[in-house]
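# Tertiary structure, described
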Amino acid sequence: MRASSYFISTLKEAPADADVVSQKLMLRSGMIKKLAAGIYNYMPMGLRVIKKVEQIVREEMERAGAIELLTPFVQPAELWMESGRWDKMGPEMLRIQDRHERNFILQPTSEEVLADIFRQDIHSYRQLPINFYQIQTKFRDERRPRFGVMRGREFTMKDAYSFDRDADGARQSYDAMYNAYVRIFNRLGLTFRPVEADTGSIGGERSHEFQVIAETGEDALVYCPTSDYAANMEKAECVALIATRASASQALTKTPTPGTSKCEDVATLLNISLSQTVKSIVLATEKLDQAGAVLGSQIWLLLIRGDHDLNEVKANKVAGLKNGFRFASEAEIEAAFGCKPGYLGPLGVKDVNIVADRTVANMSDFVTGANALDFHFSGVNWGRDLPEPDVVADIRNAVAGDPSPDGKGVLEIQRGIEVGHVFSGLPYPQAMGITFLGENGKPQTPLMGSYGIGITRVVAAAIEQNHDERGIIWPDAMAPFTVVIAPIGYGKSEAVRRAATDLYESLKQSNIDVLLDDRDERPGAMLADLELIGIPHRIVIGDRRLKEGEGHVEYQYRRDATPTVIKLADAVAFVRSAVDQSQHTALA
């Protein structure tokens, strides 16, 4: 491709509302242009990157046995009502009506449509297993779209859906997709980590996220560097930090703690470790009659160690809280505890369900609120001062240094950007009454899996992981062009123009994706543009080097600090070797 017949539009500065590196660099390099909040035009340079990602995804999906189809962007509401997600999805799912006032949605995902395709066309176990995939536009009406295409409302996703006749087949389908994802992200040249994950609103029994490692990532990843254990923060299991509960050694004492409503302040005042304090969090659930009318609220007191934080996803799995909870209102708290928030604790409360984190359940001589303004109890012990908790559960976030749940080391935490998610055991066939005839001639319910990759999010995540102060540093497999030829004085020097054109044609004949920057820009502006765009391999051709000996040019890999001088006659072979080497390194 010649730059003069292509479209390159760069900016010296990013718009003021761009808030992350990938958004700034995608806008500055002319990859995207904002149309509305969370909605972008993908310009030619950006579209080339997207198409390269899509090609690798297609190749690996087909290698894994998936079959491509395409579902409508607009889907009828009836399918979503049938599955129950019409109400569950919330305002992120954009609902619309046609001229006949019939309800439709802009698809955020396509489990229902694929389940409907199954019941129309799959009737026998002989047709299974089967896995359909698509690369399609999705829309999720984010409350606060941000971070460019990373958290946009409209985006491109690869979504696949498997159907199996038994648990063994479902495991094989899941593993095939998991392994395909590993190959995809390796081929894209990304540093990533698969982690155990919560199934969330999709539902299901087994789930992994694929996270691109980046300090700017929204997600906290918990992993053990000396074992294979890895999970996102929502899923990471926290073992009890105290193996057995020690006997009480302190008397229960009501201690004045004026103006110290936080555990950190209480620990400082009493000159104790924060790990000796217990934090109280009050939740509420609704009591319903048989008709579903609200009779009142049930108050729950969740206890975690003062130096830990509540994990709401884990709390949502506690029996009694699974159907949804909310944080209790101040009026509900005062009615249940006789005190405003800040000095709450489990002693003396009635009609309150107490849930203790695993570590708290084994604590002794701890400090907690006294349910009286400006007072805390110290020397609190289970059994002696208050009954055993109603529920003991893992309800906290992991912290670095925690023991790994597999017993093979300690946990560390790093940041990541979720770019892929795989699920198995989805509930949609059951919810929609979908069956097939099994080998015994009787109806069976298929086992369904769902597998997504955020195509456009992968592009942004790659930039977050690969950039410097000059611009993007693309892995070869994703770059809009693999090689760029930068001729200095293209319009003035016949020797430069001839050398650049001949090298360009030779690289094309070697099936190398090459851009010839024949715009005749000033050298500084041209090289700044090319570094901003992030093309990995660059060859600079100028009169001075061409006049040296048999003629030389400068090759520079985007990550290199200085160029390498090579003979013009060796340039094709040299570049071919450099490209092969960088691609091999990415796969290693």
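Residues numbered from 1 in each chain as written. Predicted model: local features only at pLDDT ≥ 70, side-chain atom pairs only at ≥ 80, totals over all residues. Heavy atoms only, no water.

Before going further, it helps to spend a moment on the overall build of the protein chain. Tallying secondary structure elements over the protein chain gives 16 helices and 31 strands in all. Contacts in the protein chain between residues far apart in sequence, at least 24 positions, make up 69% of those at least 6 positions apart. Total accessible area on the protein chain stands at roughly 26,500 Å², and carbon and sulfur atoms take up 49% of it. In the protein chain, the 67 positive side-chain charges and the 80 negative ones have mean positions that sit 3 Å from each other. (Helix = DSSP H or I, 4+ residues; strand = E, 2+ residues; numbered from the N terminus. Contact = heavy atoms within 4.5 Å. Areas by Shrake-Rupley, 256 points an atom, 1.4 Å probe, with all protein chains shown as cover. Lys, Arg positive; Asp, Glu negative; His and termini not counted. Charge placed at Lys NZ, Arg CZ, Asp CG, Glu CD.)

What follows concerns the nonpolar core. Ranked by size, the top nonpolar core spans 50 residues in total, and within it Met61, Phe185, Trp474 and Met478 carry the most contacts. When residues of this core are traced back to their parent elements, those giving at least two are α1 (21-28), α2 (44-63), β7 (130-139), α6 (167-187), β10 (206-213), β21 (412-426), β24 (447-454) and α12 (455-465). A per-element tally of this core places α12 first, with seven residues. Beyond its immediate sequence surroundings of up to four residues, Met61 is in contact with Ala66, Tyr133, Lys158, Ala160, Met177, Ala180, Tyr181 and Ile184. (Core = buried A, V, L, I, M, F, W, Y, C linked by side-chain atoms within 4.5 Å. Buried < 20%, exposed > 50% of the residue type's maximum accessible area, 1.4 Å probe, protein only.)

Domain assignment breaks the protein chain into domain 1 (16-234 + 413-464), domain 2 (253-393) and domain 3 (481-587). Centre-to-centre separation of domain 1 and domain 3, based on C-alpha positions: 38 Å. Residue-level contacts link nine residues of domain 1 with seven residues of domain 3. Summed over both sides, the interface of domain 1 with domain 3 buries roughly 750 Å², with 65% coming from carbon and sulfur. Applying the counting criterion to the domain 1 and domain 3 interface returns two salt bridges. The partner of Arg48 in a salt bridge is Asp513, and the shortest N-O contact between them spans 2.9 Å. Connecting domain 1 to domain 3 are two residue pairs in polar contact (both at pLDDT 80 or more). Sorting the residues of the side of domain 1 that touches domain 3 by element identifies α1, α2 and α6 as the ones contributing at least two each. With three residues, the top contributor of residues to the side of domain 1 that touches domain 3 is α2. Looking at the side of domain 1 that touches domain 3 residue by residue, the class counts come to two nonpolar, three polar and four charged. (Domains from an automatic or database assignment. Buried area = accessible area lost by both parts, 1.4 Å probe. Salt bridge = Lys/Arg side-chain N within 4 Å of Asp/Glu carboxyl O. Polar contact = N/O pair within 3.5 Å; in protein donor to acceptor, adjacent residues only side chain to side chain. Nonpolar A, V, L, I, M, F, W, Y, C, P; charged D, E, K, R; others polar.)

Another aspect to go through is unusual backbone geometry. Cis rather than trans, the peptide bond between Leu128 and Pro129 has omega equal to 5 degrees. Mapping Pro129 onto the fold places it in the loop between α5 (111-121) and β7. Backbone geometry at Asp374 places phi at a positive 70 degrees, although glycine is not the residue there. As for its position among the elements, Asp374 is in the loop between β18 (366-369) and β19 (375-380). For Asp520, which is not glycine, the phi dihedral falls at a positive 60 degrees. The exposure class assigned to Asp520 is partly exposed, which follows from its relative accessible area of 39%.

Strand order in the open sheet formed by five strands is β28-β27-β29-β30-β31, and the pairing between neighbours is mixed. A strand with exactly one partner marks an edge of an open sheet, and here the two such strands are β28 (514-516) and β31 (564-567). The average undirected angle you get between the axes of adjacent strands in this sheet is 25 degrees. Sheet topology places strand β27 (residues 483-487) next to strand β29 (residues 537-541); five bridges connect them, and they run parallel. (Pairing = 2+ DSSP bridges. Axes fitted to C-alpha atoms, helices over the stretch in contact; angles between N-to-C directions.)

Here we come to helix α13 (residues 494-509). For α13, which comprises 16 residues, the first-to-last C-alpha distance of 22 Å matches the rise-based estimate of 22 Å (1.5 Å per residue) to within 8%. Regarding α13, the residues found buried are Val496, Ala499, Ala500, Leu503, Tyr504 and Leu507. Mapping the buried residues of α13 onto a view down its axis gives an arc of 130 degrees, with all of them on the same face. Two or three places before Ala495, at the opening of α13, Ser493 has a side-chain oxygen 3.4 Å from that residue's backbone nitrogen. (Expected span 1.5 Å × (residues − 1). Arc of directions from axis to C-beta.)

Another point: the pattern of salt bridges. Side-chain pairs of opposite charge can arise whenever the charged atoms involved come near each other. A complete count under the given rule lists 50 salt bridges for this structure. Taking the shortest distance from any N to any O, the salt bridge between Arg497 and Glu494 comes out at 2.7 Å. Within this pair, Arg497 and its partner Glu494 are both found in helix α13, separated by three residues, close to a single helical turn. We classify Glu494 as partly exposed; its relative accessible area is 44%. Arg545 is the partner of Glu554 in a salt bridge, and the nearest nitrogen-oxygen pair spans 3.0 Å. Per residue, the accessibility class of Glu554 equals that of Arg545, and both read buried. A single salt-bridge network, built from bridges that share partners, covers Asp468, Glu469, Arg470, Glu531, Arg538 and Arg558.

Let us now look at empty space enclosed by the protein. Applying the stated criterion across every chain, the model contains one cavity of 30 Å³ or more. Looking at the largest cavity, its volume works out to about 70 Å³. Lining of the largest cavity is provided by Arg470, Val484, Leu530, Glu531, Ile535, Pro536, Arg538, Gln556, Tyr557 and Arg558. Put simply, the parts of the chain that give the lining of the largest cavity at least two residues each are α14 (523-533) and β30 (552-557). Across the lining of the largest cavity, the residue classes tally to five nonpolar, one polar and four charged. (1 Å grid on protein atoms, 1.4 Å probe; cavity = no way out; pocket = protein on both sides within 12 Å on 5 of 7 lines; lining within 4 Å. Points joined across faces, edges and corners; volume = space filled by probe spheres on them.)

What follows is about the pairing of β30. For β30, the buried fraction is high: six of the six residues fall into the buried class. Burial along β30 is two-sided: the face carrying His552, Glu554 and Gln556 and the face carrying Val553, Tyr555 and Tyr557 are both buried. Across four bridges, β29 lies against β30 in antiparallel orientation. From the neighbouring strand, Val540 faces β30, where its bridge partner is Glu554. Two elements, β30 and β31, share four bridges in a ladder whose sense is antiparallel. Looking across to β31, one finds that Tyr555 is bridged to Thr564. As consecutive antiparallel partners, β30 and β31 are separated by six residues.

So, about the packing of aromatic side chains. Using the criterion set out here, one finds eleven aromatic pairs in the structure. Through a chain of ring-to-ring contacts, three or more aromatic side chains come together here, namely Tyr178, Tyr181, Phe185, Phe192 and Phe210. Sitting above the plane of the Phe481 ring, Arg48 keeps its charged end 4.0 Å from the centroid. Positioned over the ring face of Tyr223 is Arg193, at 4.0 Å from the centre of the ring. (Phe/Tyr/Trp six-rings, centres within 6.5 Å; stacked < 30°, edge-to-face > 60°. Lys NZ or Arg CZ within 6 Å of the ring centre and 35° of its normal.)

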